[in-house]
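Topology and contacts: notes
Here are the chains, one letter per residue:
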Amino acid sequence: ATPPPVSIRSVIRIGEHQALGGDINEMAPPQRAVHFHLRFLDLVSEVCHSRNEAVIRKVQANAEGYGVEYRQLIHIIKHEHMPYSLRGVACDLMVQLYIDVDPYQPMTFVTGTRVWDAFFDEATDDDREFGTMIGGSDKLMELKDMLIPLLEALRITIVQEADRNKFVTKLVGLVQALARFGFYHYYCPKKRIYKADFDEIRRVLKPLLVILDGRTDFCPPFGGASADEARFEMSKNTGVVMDNKLKILMCFGSFFQCAQNERITRFVDFWLGILKTTFGIKDFASTQRALGSLKVGRAMSHDDLNDNGKSVAGGLSGVMGGHKRSQVAPEPTLQLYVDDVDNWKRYPPWKPEDIVGLSESLFGGKPLLLDEFSLSGLATMFVRGNEWFVPQWIKILLDLVRYKQPMLKEVAINFLIASFSQNTNFISSILDCQLIWMPQVVSKYFEIRKDLFRLRAGILLIGSPDDDVVRQAMADMRGVLKTWELLCTPEGAASKMQVFELQRVIADLGCLEEIFKLLHTGLPCEEPEGELKRPRDPLRAELFDGALAALLRICDGHAVVQGRAVAHFAVVASLIDVDGLHAPDTLKAIAKDNSDIVAKIGEKWIKSFFQTINKYGPKRAGWLRVLGVLVKCNGKAIRDNQALVMSLFQQSGANAAVFFKSDEEWDHRIRIMEEEKVLARDPEGLLAFHLEAVRLLAICSEGKNPSSEVYAASYLGIEDVMKTLVKIDVDSKGVKHECCPEATLTVRTFYTTFLHKVYIETNVTRLTAEVMTEGNGFWSFDPSKKHFEGCRPLIPQICEEVGLYGRTLVDWWAASGMLGKKGKVTTDEYHAVVGGSDFGEGGANGDSGGATPGNGEAAADAVEANGGKGSSTIMMNGVAMAEPPKAFMEWTRYMMSAVFPLMECYFRDKYPNIKGLTVDEQLLAQNLFDELYKVYQLDIPDELQTVFVDGEVIDCYQTTWNLLHTMSAKGKVRPEWVRMHANHAHKTTPDPMALAFAAGSKAVWAGFYACIDTIAVNLGISDTRRLIGTGVRQMAMMLFREGEVPLYEYSDFTVLGRPAPQNPHYSDFIMAMLDTSRSASTSPKVLTDILNVMRAIVYMYDPLDPGRPIEETAGDWERFLKFQPAMRAQSSSGRTSIQGHDSKLMRWVQDKSDAIGCTTAALRLMSHANSNVQLNACTLLIALLQGCNRRVQTTILHYFLAKKDNDVAFYKSIRDVIGSTMETLKDFKKTIKSIKSTKGRHKGSSKGSILGGDGRPKTPKSTAGERPADKSPSTSFARDSHIMFSLRLLQLMCKRQFTPLQERLVRQKDGTTSHNVIKSLVDLIEVIQPLLLDALWLNDGDLIVLTIQVVDTISEAVQGPHRPNQRSILGSNFLAIVNRIFSSIVYTPLVKDGDRVTDPSEYHVSGMESSANDLKCWLKASLLNCCHSLLEGADTGDASYPSAMLEFFELRNLVSQMVTGAKLLGFVDPHEKTHDIVTAPGADDPKDPMALFAEGSSN
């Protein structure tokens, strides 16, 4: 190498750290020159950071003169005599000047959206240009070739050489940058994608792996640590090494993702080859032909299709035409799988050898990365005979777990689990893959990708000093953002079915990140005192508003995209007070109907928005719109957020409470409403803010929240509401004004909804009395209220409006020639014409109106295109439509979303209770019914039957039908109508092509998942719906081993001339992993994985057999873990499997786990903020306590005593879980009521098909790229739910009368507060008791099992006897609840007389191997055991407890149970008459007790 300059040689001679580490003023001239040059290069690197194009271009233009030309940098980096600090700065400059520069773009290592290359045309210029956007493996070859020998030369780490180690970190950063910008990839023009160059990747991985291996690192002892342990401790020098290893792991993560992406590509290619070779789907035309030729057996309604066009009515068997089966495998056609999706399993179009070959290409043969990482190589450690074998890669990771840096430890644990879980991670990635095979979406995919690079280029150019360049870049970016905004609408996507797919495509391609990058560039604003911020650059403000509008559309209604966007919400939140930007509505779209996001950030956002409101006053209605989303999610009111909003609303005073109640304010509102289209022109103004305040109070009152209802009524009394509804355009002096019709109808819509939610749908006695008072304005006015003179009451006004609405509708359809014609105009085209006001969420397309610029522009454009404002006809889809009546859409929205629901609730809940209606008023109700019926009979196009309000689709026909049915029910109005139309319901006929598309798409996706299931089985995965756990279980099997880990290889240390350290024990690594639970920065996922590993270790319980098959271990693990009373009904072999294990071995493992800190770690995490961490901590404690481990119980007690409030925090977490379950059960009760009201009883129907995970009616959906949802019981109180595990934990903590923990169930003695868990348990069972029979009616046994668990926990709490707990139970309502359960839970015949049960499983409760009568029997037995526990100690002569218990029980119930049991067991003749007490009302005396249980039942 060329000798370095004189000054550099001087530095080398003195020593780098000594020469450059001191004060610059004390340095000799040569060292000072080097020091200055280093600082200068550092400065250049910093100013070039984040692609500062202006600086980069100037530096590159004079690079050789500055000494930073590409080859000069390479010379510095590889010159071994140069100072390490100078070589490190050269690495940074290489990245900033030649790697992270235009046109190179960051790589997406795992592509979630896949496009079938069979649809591709010849490569275009755009594609070739795209090929230059990523680095490519043929670029910077000299740099990449230089890195390999450099890394190999630095493979030995000497901790005290900090400068050398920092240089290694810079080299690793250089590798990271090369990987990130695609320099280890090559462009494949045939597939139009970048593919990883694994030969290049393997070359660089080998030396990096050696550097990562810290076992041979040399670190002198310091701080009392030995030479073997010093490298794990934190210090300045060891911190550098740890950062270096962390960076290498991050780099490895990128390469692991490349391997995962390649496997996904191979699988997708295999599947698309099936479509091509089997079904002939090979291009655009063949796809259309294949879909067009499909036959649908019977017409499906629109209810059978979800928003994305996929069929969601369970399987397609019986929905599509019935395909006749034959013994010989039929020819595989798409129609075959459309007829019955199960045919994918019966007659798969692939051969077994095809699957074997695919599996070999995925995880067999030559490894994609290194042999050390291969799944087959790692699995050898679990083969019998390899008990002491540990692969090199696992040794390296285990060693990294011992380092004291939390982040390094966390990442190493992640890699350990991921290394064992490569197959399950692969399957999980495929399940999350979105496969685009529809031609229309494919073409848009490439348009989006092309626009993405235009946006990226524009972001770089807006920092240019040339104003013309900046303006052009902004114009280009606005065009791109507008295109994406339009693509996420039904109009731009060509159909609603494609909107969901395109939203995901945009997100997967990285468009979200680029939009947020644009917003991060900042918007300079002026900040006038008391006013909203004003952008200094109008063009930049317009660009930012376009970005926010695009974000709104991309996130709207898509949970996956919302989850990605919420990570960047801070930059959007920073713009909520900028005038002219619609940031609040974008935030609303990010959080809307996403319970996870609302739970995570709801409280924070609410406080933030009220701070903004208090700062600026009522300036923007959008602030209140966001609050509405945070208090109501998925149609469910969130009580905590409601209470917080109402509290802050009250504190805000006039800043939020804008209600125009005084005469002066009333007249001011009228003046505002006189302006033409005031809400469309000023959607954030004072009137809009007023209406959003009214809406917010109404939303906070939903869910029959008494405190919120009373509070809302204090702002707007019923007289205030009636005044607005009946004389909205009359000022305080009685003068009538000509107000804007759109504004008038919108104001009345909001006030009508307020009246409905606060005064009609309430249980508050005072508010109900106000509605029922005569003369309140519904039917008539009190004559003493002079200000209502001349006003028409509400009901007569509504009757007239309904009649006028129906006549107007008929006139418009008649003028357009549309009456009686179907399918002429699409809903979206209709909305574009009649959209009118853009205000709020009542915009034409159900969006936030003013939130997205241009909502109202479509209507204006449509009118202008047809001759301007005066045009009498409008062309839509080839149909000449007459110009719609003025404000007709607002009128429809007012009627369907406000008036009709109000009337339905009024006639259902209030009308029968109002006395003294006059004959005229009764006739008025009949006339209202007649007018409604006329509207209902109108035959209008199917596409025009829906309106969008608050983001929800309202079916006009269904809404009208519901009101008619309610008015006629129970003889209220025209009862004969019910008999005439009892079975009538308006049914629409879907488009045949839409059905064909839905059927074909559904069948293709079913095949895709069937193929995944097949390959998963070949990879050793039995259930693709339970992917979590394989890596965790394998880690547990490894860490469970006894003895030392063969971590250090003596040959390596012999070469180094150093003694080999002592090998650590496996338990040392367990303790090192548990240390992460102490760090607040550890991610919840890592904590969950660690808890699962610890739990799996406890259930390994066989130290002599570490090679035990994973599947067998997993089965025992689940059977042990889940406390299911239904296990009593399982087969004898299952019970033998559990009982046959040696309890001493189980106890030995529990004691060992407790000794190394598992119990304490789990207790600490029981109070973690993440509920999933809490749940897994709970299950670990159950595993440690299983079988009543007194040592673990004592450890729990010591933990409670160790620190004040430890026990309080623990029992508070339990109480919160109980409280959450009670709220869920209350929602479950409402759901049952709604199901019964629709007479939806179906024999043997499963609750899974009726109820969703939150207890509300829900139909599982299947969307593009999304696996069909399973039909499962509500997870809120199922057997594997948080509440079940929490109660089981309490029971085990008290097992065998452990008094110190029993007494803490009522009171925690030493804490600042206390939580009575016993009382919470009684409250819980009181909520459950009325729902038990309804749950069984829904064929769901989970609630019975939960009740048994509650009772068993109470039993354990009072045994001993524990007198204080017994007194607490006897002083509660518990025994009265037990008495009610005994009287209501009776055995019921499962078969009809004379029938014989051929298959007992037909009568099993869903998900259990037992019948409803089995569950009833177990529940009663559990209750009796609890009563026995309460009677413990009575034999000492204390008769107070039995006497107290008898006060609660009816003797009839106890005798009834005895007689029924005797008859069932054959001790008493079932037909023999018994004592009168048995036949008394409520007695349990079935005619044929022996028929009560299905044949084969366990009882």
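Note that the coordinates shown come from a computational prediction; the quantities given were computed from them, not determined experimentally. (Residues numbered from 1 in each chain as written. Predicted model: local features only at pLDDT ≥ 70, side-chain atom pairs only at ≥ 80, totals over all residues. Heavy atoms only, no water.)

What follows deals with the pattern of salt bridges. Summed over the entire model, instances satisfying the criterion amount to 52 salt bridges. Ionic pairing is found between Glu-229 and Arg-402, a salt bridge with its closest N-O pair at 3.5 Å. Here Glu-229 is found in the loop between helix H11 (198-212) and helix H12 (236-279), whereas its partner Arg-402 is found in the loop between helix H18 (392-401) and helix H19 (406-420), with 173 residues between them in sequence. For Arg-402, a relative accessible area of 13% puts it in the buried group. (Salt bridge = Lys/Arg side-chain N within 4 Å of Asp/Glu carboxyl O. Helix = DSSP H or I, 4+ residues; strand = E, 2+ residues; numbered from the N terminus. Buried < 20%, exposed > 50% of the residue type's maximum accessible area, 1.4 Å probe, protein only.)

Attention now goes to the environment of Ser-85. Tracing the backbone through its elements, the reader meets Ser-85 in helix H7 (residues 84-99). Linking Ser-85 and Lys-170, residues 85 residues apart in sequence, is a C-alpha distance of 9.6 Å.

It is worth spelling out the packing of aromatic side chains at this point. Inspection of every chain in the model, using the stated rule, returns 44 aromatic pairs. A ring pair is formed by Phe-252 and Trp-393, whose centres lie 5.9 Å apart and whose planes are at 35 degrees; its orientation type is tilted. Taken together, the residues Phe-252 in helix H12 and Trp-393 in helix H18 connect sequence positions 141 residues apart. As far as the burial class goes, Phe-252 and Trp-393 line up, both buried. Seen from their ring centres, Phe-267 and Phe-1008 are 5.9 Å apart, and the 70 degrees between their planes marks the pair as edge-to-face. In this pair, Phe-267 is assigned in helix H12 and Phe-1008 in helix H47 (residues 992-1018), connecting sequence segments 741 residues apart. (Phe/Tyr/Trp six-rings, centres within 6.5 Å; stacked < 30°, edge-to-face > 60°.)

Turning to H7, a few remarks are in order. The terminal C-alpha atoms of H7 lie 21 Å apart, and with 16 residues this matches the ideal 22 Å at 1.5 Å per residue to within 8%. Most of H7 is tucked away: 13 of the 16 residues are buried. (Expected span 1.5 Å × (residues − 1).)

Right, let's get into a nonpolar patch on the surface. Residues Phe-36, Phe-40 and Tyr-66 make up a contiguous nonpolar surface patch of about 310 Å² in total accessible area. Residue classification places Tyr-66 among the partly exposed residues on the basis of a relative accessible area of 38%. (Patch = residues over 30% accessible without salt bridge, like charges linked within 9 Å, V, L, I, M, F, W, Y side chains within 5 Å. Areas by Shrake-Rupley, 256 points an atom, 1.4 Å probe, with all protein chains shown as cover.)

Moving on, we get to unusual backbone geometry. The step from Gly-1360 to Pro-1361 runs through a cis peptide bond, and the omega angle for that step is -5 degrees. With respect to the helices, strands and loops of the structure, Pro-1361 is situated in the loop between helix H63 (1342-1358) and helix H64 (1363-1370). Notably, Asp-593 is not glycine yet its phi reads approximately 55 degrees, a positive angle. Mapped onto the elements, Asp-593 comes out in the loop between helix H29 (583-591) and helix H30 (595-616). A positive phi angle is found at Phe-660, which is not glycine, with a value near 50 degrees. Relative to the assigned elements, Phe-660 resides in the loop between helix H32 (639-652) and helix H33 (663-673). On the basis of relative accessibility, which here comes to 6%, the residue Phe-660 falls in the buried class.

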